[in-house]
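Next come the chains, spelled out residue by residue.
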Amino acid sequence: MERCKNYLVTEPETRKGTWKKPGRSLKLEIGCGKGSFTCALASAEQECDLVAIEKVPDAMILAMERAQAAKLNNVCFLDYDAARLREVFSPGELECIYINFCDPWPKSRDAKFRLTAPAFLRIYADLLPQGGEVFFKTDNGPLFEWSVEQFKNEGWQIRKLTRDLHAQGICGILTDYERRFLEEGVAIKMLVARRGMNTLDGRAGEPPRLRNAALADARANQKQEGS
Ligand SMILES: C[S@@+](CC[C@H](N)C(=O)[O-])C[C@H]1O[C@@H](n2cnc3c(N)ncnc32)[C@H](O)[C@@H]1O
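**Q** I'm lost on unusual backbone geometry in this one. Help?
**A** With the exception of glycine, most residues fall at negative phi, and the peptide bonds are largely trans. Although it is not a glycine, K71 sits at a positive phi angle of roughly 55°. Relative to the assigned elements, K71 resides in the loop between α2 (57-69) and β3 (75-79). A relative accessible area of 72% places K71 in the exposed class. In this structure, W105 is a non-glycine residue whose phi angle is positive, near 40°. Mapped onto the elements, W105 comes out in the loop between β4 (96-100) and α3 (118-127). According to the relative accessible area criterion, W105 is partly exposed, its value standing at 30%.

As structure tokens, this is what we get:
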């Protein structure tokens, strides 16, 4: 831990709203585990900064050791629960979010813990700008189909979807779990969901009048930024 402590951000809330550096985009990976995807992505995309969160520190230490061994300077790690992401990032601060092989929580009474449950999707919608994307991969068929429904119900645009990502050969960066599933011959499911104007966010519970006013503000801001 001592050797790689520079990669760990211990009070991430204090950096809320200041993560993004000028001219660089900011990406988030949720549940990075041992971090082989994290480090390969950071290494391949030197023009981006990557924040990886993981709620089991033991796995994350391995991820940080990997980052240290590869001398990466565009990645950092948070020992944090995705349910609290609003405390760490400001609205629209992230460009995209990766969720790879999250726990399936197969019992329906535990569905709220799935990282694609509606409450999580609304957190992601708050932190992404219009057009921001969630990249989701899993080996688990029922979780995948359920997640597709959640994204659609919450107003996300499904931009890509495949139920056998590597059918034509290895596609993209593999995660630790993905490598294992591939060896076992399990088909990997993947989708990319885009946040649009009608995507439900943390304001979805508000009365329609307030919500519409907020949407109008967001549109006006976007126009101003574009002009
Ligand atoms: C099955 S592992 C997959 C690890 C890695 N993404 C991979 O594909 O090799 C799922 C990881 O997500 C983490 N995780 C689950 N729920 C989380 C949450 N709410 N916040 C942060 N991490 C979470 C778990 O601790 C675990 O390390």
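**Q** Hey, could you run me through the pattern of salt bridges in this one?
**A** It is possible for side chains of opposite charge to pair when their charged atoms get near one another. Per the counting criterion, the structure on display carries 14 salt bridges. A salt bridge links K27 to E45, with the shortest nitrogen-to-oxygen separation between them at 2.6 Å. A residue pair is termed long-range when its members are at least 10 positions apart, and K27 in strand β1 (residues 25-30) and E45 in the loop between α1 (36-44) and β2 (48-54) qualify at 18 residues. Its relative accessible area of 8% is what places K27 among the buried residues. Through salt bridges that share partners, E13, R84 and E87 make up one connected network.

**Q** I tried to follow the side chain of Q150 on my own but got confused; where do I start?
**A** Along the polypeptide, Q150 turns up in helix α4 (residues 141-153). Excluding residues that lie within four positions of it along the chain, Q150 makes contacts with T116, P118 and L121.

**Q** Explain the site of the ligand to me, please; I cannot follow it from the model alone.
**A** The full set close to the ligand counts 16 residues, and G31, E54, A82, F101 and T175 are the nearest of them. At 2.5 Å from an oxygen atom of the ligand is found a side-chain nitrogen or oxygen belonging to E54. Measuring from a nitrogen atom of the ligand, one finds a backbone N or O atom of K55 at 3.4 Å. Protein chains shield 92% of the accessible area of the ligand, which is 600 Å² for the free molecule. Grouping the amino acids of the shell around the ligand by side-chain chemistry returns 7 nonpolar, 4 polar and 5 charged.

**Q** Would you explain the nonpolar core in this entry?
**A** A general feature of soluble globular proteins is that nonpolar side chains tend to end up buried together. In this structure, I30, L85, F89 and Y124 are the most contacted members of the largest nonpolar core, which totals 36 residues. The set of elements that each furnish at least two residues to this core consists of β1, β2, β3, β4, α3, β5 (133-138), α4 and β7 (189-194). The greatest single-element share of this core, amounting to 6 residues, is contributed by α3. The contacts of L85, once residues within four sequence positions are left out, are L28, I30, I53, I123, Y124 and L127.

**Q** Just checking my understanding: could you explain the pairing of β2 for this structure?
**A** Sheet faces and side chains relate simply in a regular strand, where the side chains alternate between the two faces. A large share of β2 lies buried, amounting to 7 of its 7 residues. Burial along β2 is two-sided: the face carrying C48, L50, A52 and E54 and the face carrying D49, V51 and I53 are both buried. As paired elements, β1 and β2 share 6 bridges and run parallel to each other. Note that in β2 the partner of S25 across the bridge is C48. Regarding the hand of the β-α-β motif, the stretch spanning β1, α1 and β2 is right-handed. Relative to β3, β2 is paired through 5 bridges, and the arrangement is parallel. Within β3, the position partnered with A52 by the bridge is F77. Once you follow β2 into α2 and on to β3, the crossover reads as right-handed.

Rules behind the numbers
- The residue numbering used here restarts from 1 in each chain and proceeds along that chain's sequence as written.
- Whole-chain, interface and lining totals are the exception, using all residues; otherwise, since this is a predicted model, local features are given only for residues with pLDDT of at least 70 and side-chain atom pairs are given and counted only at 80 or more.
- Only hydrogens and water are removed before side-chain values are computed, so all heavy atoms of the structure are retained for them.
- Here a strand is any run of E in DSSP of at least two residues, a helix any run of H or I of at least four, and the numbering for each starts at the N terminus.
- Burial classification: accessible surface area is computed with a 1.4 Å probe over protein chains only, and a residue below 20% of its type maximum counts as buried, one above 50% as exposed, and the rest as partly exposed.
- A pair is scored as a salt bridge if a Lys or Arg side-chain nitrogen falls within 4 Å of a carboxyl oxygen belonging to Asp or Glu.
- Any two residues whose heavy atoms approach within 4.5 Å at even a single point are treated as in contact.
- Whether a residue is near a molecule or strand depends on its heavy atoms: if one lies within 4 Å, it is near.
- Nitrogen and oxygen atoms within 3.5 Å of one another constitute a polar contact, given that in protein one can donate a hydrogen and the other can accept it, and given that sequence-neighbouring residues count only through two side-chain atoms.
- Here the accessible surface of atoms and residues is derived via Shrake-Rupley with a 1.4 Å probe, and residues count as covered only by protein chains that are part of the display.
- Residues are grouped as follows: nonpolar covers Ala, Val, Leu, Ile, Met, Phe, Trp, Tyr, Cys and Pro; charged covers Asp, Glu, Lys and Arg; every other residue, Gly included, is treated as polar.
- Put simply, a nonpolar core is a bunch of buried Ala, Val, Leu, Ile, Met, Phe, Trp, Tyr and Cys residues held in one set by side-chain atoms that sit within 4.5 Å of each other.
- Criterion used throughout: strands pair if DSSP finds at least two bridges between them.
- Look down the strands so they point away from you; if the path from the first strand over the helix to the second goes clockwise, the crossover is right-handed.

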